[in-house]
Every structure is written in C-alpha cells, then in structure tokens.
Amino acid sequence: MAAFGRPGTAPGATGDQDDRILVARIVEADSGALKELYDRHAPWLQARLMRRCNDREVVADVLQDTFVAVWKDARAFRGDGEAAGWLWGIAFRRLVSRLRSRKDVLLLPEWDSPSLGATPAAEDEVLLGVEYGDLAGALRRLSPEFRSVIQAVVLDGLTTKEAGRLLGVRENTVKTRLHRAKAQLRGSLAEAALDERWR
C-alpha cells in the first residue's frame, strides 16, 4: 500500500502509520478500530482473493476469518512492515488452508475471463504472458499440484518452506514440484512459440 494521507488522519501522517495506530488500538480491544481497518482493507483483499479463488462463499469466509484472526491476535503485527502486507499474508494463508481439502475450487483464476473486467494487476499482466507467450494457457495445463506451487512461490512470493507449510507438503516436495512445473511451462511456451511462427 502506498503511503499517502487518508481522510481523517493527522497532518503529516501516512496511511500506513494510521494503519499501525489502528492495529495498536485493536490490541487494546477497540472494535471501532477493527471496523475502520476492515472498511479500509476488505475491498482490495476481497478483489485479490477473488483472483485466487473462483468461489465467492469461500472468499467471504476467508475475509471474515482474516479479520477474526486480526481481532484475536493483533499483537502478532510487529510493525516492521506495512499492515496491508500483514493482512494479505493472513488472508492468503487462510485461503490456502480452506482450499487444501476442496478439489472443486481452483487456487488459480481464469485470467482471460471477461468477468474480471477492469485493468489487470501487474502480476496478472505477467501471468497473461503479454510479451512471452500464452502463459495463462500453459498454467492451466499444469496439474493442480504444480499450479498451487507456482501460485504460492512465484505469484505470492512465499519461500519454499512457507509454501510447504501452507500446502501441507515437505519443503523438498515444493522444490521438486516447482522445478518440474517450470520445466513444463518452458516446454509449453516453447511449443506455443513454434506453433505461432509456423502460422
């Protein structure tokens, strides 16, 4: 989240400083601070979660779980980063935990779906393969296990150790799947590039 003044903040205060103050107030059981933090961050969290999961009910539950976790354990926020990043970490971990047992909900979205409507985020632009080929198609051809590892490590920037914990597999399994998924993606993209040249 960019640091910029929000309505109602003290002169010179940035949004992130204001978020830190809200989290500190939540530690002191201030429900008004939780509501304000929710009002600020729930819309973008919901949009970002919807890019990861195709089930609105799951996203709504994860969003609620995220803010319940904030209420219960606001002390976990160390204050050495942005509150938005901390919130996204909680939300993403809740989503992965929820989806672990569900086979009918995809962790990766259909990036070329017209329902997304608005301009895609920078990470989605990369995944769409604007410059490098049909990456979205290549990702869809991966097995769910490989897609979830690519999602966790490449898109969400988790370490292999964190991804292993979230996905319920050993770190070495994540590394192996990541290596194989990248090899499959390279092969798919090279094949697509050759097909494109011969047209």
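Structure: see above.
The paragraphs below set out a description of the structure included in this document.

## Structural notes on the overall build of the protein
In step 1: Check the secondary structure of the protein and you find nine helices and zero strands.
In step 2: Helices (α) and strands (β) of the protein occur, in sequence order from the N terminus, as α-α-α-α-α-α-α-α-α.
In step 3: Looking at the protein residue by residue over its 199 residues, the buried ones come to 39%.
In step 4: Nonlocal contacts in the protein, meaning residues at least 24 apart in sequence, comprise 64% of its contacts between residues at least 6 apart.
In step 5: Per element, the accessible surface of the protein, about 11600 Å² overall, is 52% carbon and sulfur.

## A few points about helix 4 (residues 83-99)
In step 1: With 17 residues, helix 4 extends 24 Å between its outermost C-alpha atoms, agreeing within 8% with the 24 Å of an ideal straight helix rising 1.5 Å per residue.
In step 2: Counting buried positions along helix 4 yields twelve of 17 residues, so the element is predominantly enclosed.
In step 3: Every buried residue of helix 4 is listed here: Ala83, Ala84, Trp86, Leu87, Trp88, Gly89, Ile90, Ala91, Phe92, Leu95, Val96 and Leu99.

## A few points about the packing of helix 2 (residues 31-52) against helix 3 (residues 56-72)
In step 1: For the pair helix 2 and helix 3, the least separation of the axes is 10 Å and the interaxial angle reads 145 degrees. Read as a crossing pair, helix 2 and helix 3 show a hand that is right-handed. Residues Ser31, Leu34, Leu37, Tyr38, His41, Ala42, Leu45, Gln46, Leu49 and Met50 of helix 2 form the contact with helix 3, whose participating residues are Arg56, Val59, Val62, Leu63, Phe67, Val70 and Trp71.
In step 2: Tallied by class, the residues present in the contact of helix 2 with helix 3 amount to 13 nonpolar, three polar and one charged.

## So, the side chain of Thr160
In step 1: With respect to the element layout, Thr160 can be found in helix 8 (residues 160-167).
In step 2: At 2.9 Å, the side chain of Thr160 forms a polar contact with the side chain of Glu171.
In step 3: Apart from the residues lying within four places of it in its own chain, the contact partners of Thr160 are Glu171, Val174 and Lys175.

## Some remarks on the nonpolar core
In step 1: Among the nonpolar cores identified, the biggest contains 45 residues, and Leu37, Leu49, Phe67 and Val70 are the most heavily contacted of them.
In step 2: Sorting the residues of this core by element identifies helix 1 (15-27), helix 2, helix 3, helix 4, helix 6 (135-140), helix 7 (144-155), helix 8 and helix 9 (171-197) as the ones contributing at least two each.
In step 3: Among the elements that line this core, the one with the most residues is helix 4, at ten residues.
In step 4: Setting aside residues up to four positions removed in sequence, Val70 forms contacts with Ile26, Leu34, Leu37, Trp86, Leu87 and Ile90.

## Describing unusual backbone geometry
In step 1: Unlike most non-glycine residues, Ala29 shows phi in positive territory, near 65 degrees.
In step 2: Topologically, Ala29 is positioned in the loop between helix 1 and helix 2.

## Considering the side chain of Asp55
In step 1: On the secondary structure map, Asp55 appears in the loop between helix 2 and helix 3.
In step 2: Among the polar contacts listed, one links the side chain of Asp55 to the backbone nitrogen of Glu57, at a separation of 2.9 Å.

## Description of the packing of aromatic side chains
In step 1: A complete count under the given rule lists three aromatic pairs for this structure.
In step 2: A ring pair is formed by Phe77 and Trp86, whose centres lie 5.0 Å apart and whose planes are at 45 degrees; its orientation type is tilted. Both residues of the pair, Phe77 and Trp86, count as buried.
In step 3: Ring centres of Trp88 and Phe92 lie 5.9 Å apart, and the angle between their planes is 35 degrees; this geometry places the pair in the tilted category. Note that Trp88 and Phe92 are positioned in helix 4 at a spacing of four residues, about one turn of the helix.
In step 4: When its relative accessible area of 8% is taken as the criterion, Trp88 is described as buried.
In step 5: On the basis of relative accessibility, which here comes to 1%, the residue Phe92 falls in the buried class.

Parameters and conventions
The numbers attached to residues start from 1 for each chain and follow its sequence in the written order. pLDDT decides what is reported in this predicted model: residues at 70 or higher carry local features, side-chain atom pairs at 80 or more are listed and counted, and totals for whole chains, interfaces and linings draw on all residues regardless. As a rule here, side-chain values cover all heavy atoms of the structure and leave hydrogens and water aside. Per the convention used, a helix needs a DSSP run of H or I reaching at least four residues, while a strand needs a run of E reaching at least two, with both numbered from the N terminus. Three labels apply to residues, based on accessible area from a 1.4 Å probe with only protein chains included: buried if under 20% of the type maximum, exposed if over 50%, partly exposed otherwise in between. Working rule for contacts: check all heavy atoms of both residues, and any pair within 4.5 Å makes them a contact. The protein chains shown are the only cover counted for residues, whose accessible areas, like all others here, come from Shrake-Rupley with a 1.4 Å probe. Each residue after the first adds 1.5 Å to the expected span of a helix. Here an axis means a line fitted to C-alpha atoms, over the contact stretch when the element is a helix, while the angle between two N-to-C directions is reported on a 0 to 180 degree scale. Note on convention: the crossing is left-handed when the near helix lies turned anticlockwise from the far helix by less than a right angle, right-handed when the turn is clockwise. Three classes are used, and their members are as follows: Ala, Val, Leu, Ile, Met, Phe, Trp, Tyr, Cys and Pro are nonpolar, Asp, Glu, Lys and Arg are charged, and the others, Gly among them, are polar. Counted as a polar contact is a pair of N or O atoms within 3.5 Å, where, for protein atoms, one must be capable of donating a hydrogen and the other of accepting one, and residues adjacent in sequence contribute only when both atoms are in side chains. Put simply, a nonpolar core is a bunch of buried Ala, Val, Leu, Ile, Met, Phe, Trp, Tyr and Cys residues held in one set by side-chain atoms that sit within 4.5 Å of each other. Stacked, tilted and edge-to-face are the three classes applied to pairs of Phe, Tyr and Trp rings, where Trp contributes its six-membered ring and a pair requires centres within 6.5 Å; stacked means planes under 30 degrees apart, edge-to-face means over 60, and tilted covers the rest.

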